[in-house]
Amino acid sequence: MSNNTNRRDFIGYSFAAVAAVGGAASLYGMKQVWDPLPSVLAGGFTTIDLTALKAGEPETFTWRGKPIFVLKKSSDMDDSTRDLIVGSDRYTVAIGLCTHLGCIPAWKKGTWKCACHGGEFDASGHQTFGPPPRPLDLPPFEVKENTIVLGNEGPEYQKIAQTLKA
Ligand code: FES
């Protein structure tokens, strides 16, 4: 009787141990499948060196498949509440897609001009002509020393985003 009980207990504990190991292995396997690949995670962030930019000449970067305009403003360009200020310099950071129907505007003589329907945006990204209903959109970014990292919502981003909502 006592031997039977011990044997039954042993089999029960063995099943429980096998089930626990199997469950843990299954959870680990599911986590591996669900987690984004390291290459995908790295692709979510783009770092831009602001010191490499020339005043008055916007550069276009790519972040998550979207064009991102970054303009270091020259002294003759108007200040704006959406300017990103780093040190003594002012920058416009914007998603480079027209807010009308999504074409990519081109920089011409101090203005981003959209060839699709004639929309225009000034050096601060504000719409100044044509059908675009709002300024160029602001991508999430974080300032780290002299770089911006696209993909993180840092305090500078939040401050500018607030002014755009007002
Ligand atoms: S898509 Fe730019 S003006 Fe229409």
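As shown above, the structure is provided for reference.
Source: prediction; values computed, not measured.

Draft legend 1. Inspection of the overall build of the chain at higher detail. When its secondary structure is counted, the chain shows three helices and 11 strands. Walking the chain from its N terminus toward its C terminus, one meets helices and strands in the order α-α-β-β-β-β-β-β-β-β-β-β-β-α. Residues counted as buried form 21% of the 166 residues belonging to the chain. Across the chain, the fraction of contacts at a sequence separation of at least 24, relative to all contacts at a separation of at least 6, is 41%.

Draft legend 2. Examining unusual backbone geometry more closely. In this model, lysine 109 sits at a positive phi of 50°, which is unusual for a non-glycine residue. With respect to the helices, strands and loops of the structure, lysine 109 is situated in the loop between β6 (106-108) and β7 (111-113). Assessed through the 5 C-beta atoms surrounding it within 10 Å, lysine 109 is described here as exposed.

Draft legend 3. Fine view of the pairing of strand β10 (residues 141-144). Direction of pairing for β10 relative to strand β11 (residues 147-150): antiparallel, over a ladder of four bridges. Residue pairing in the sheet places lysine 144 in a bridge with threonine 147 of β11. Between the antiparallel neighbours β10 and β11 lie two residues, among them glutamate 145 with a positive phi of about 55°.

Analysis parameters
- Within any chain, residue numbers begin from 1 and follow the written order of that chain's sequence.
- In view of the model being predicted, local features appear only for residues whose pLDDT reaches at least 70, and side-chain atom pairs are presented and counted only at 80 or more, with totals across whole chains, interfaces and linings using the full set of residues.
- Comment: elements are numbered from the N terminus, with helices defined as DSSP H or I runs of at least four residues and strands as E runs of at least two.
- Residues with at least 20 neighbouring C-beta atoms inside 10 Å of their own are called buried, those with 12 or fewer are called exposed, and the rest are partly exposed, where every C-beta is derived from the backbone.
- What counts as a contact here is a pair of residues whose C-beta atoms, placed from the backbone, lie within 7 Å.
- The criterion for strand pairing is that DSSP finds at least two bridges linking the strands in question.

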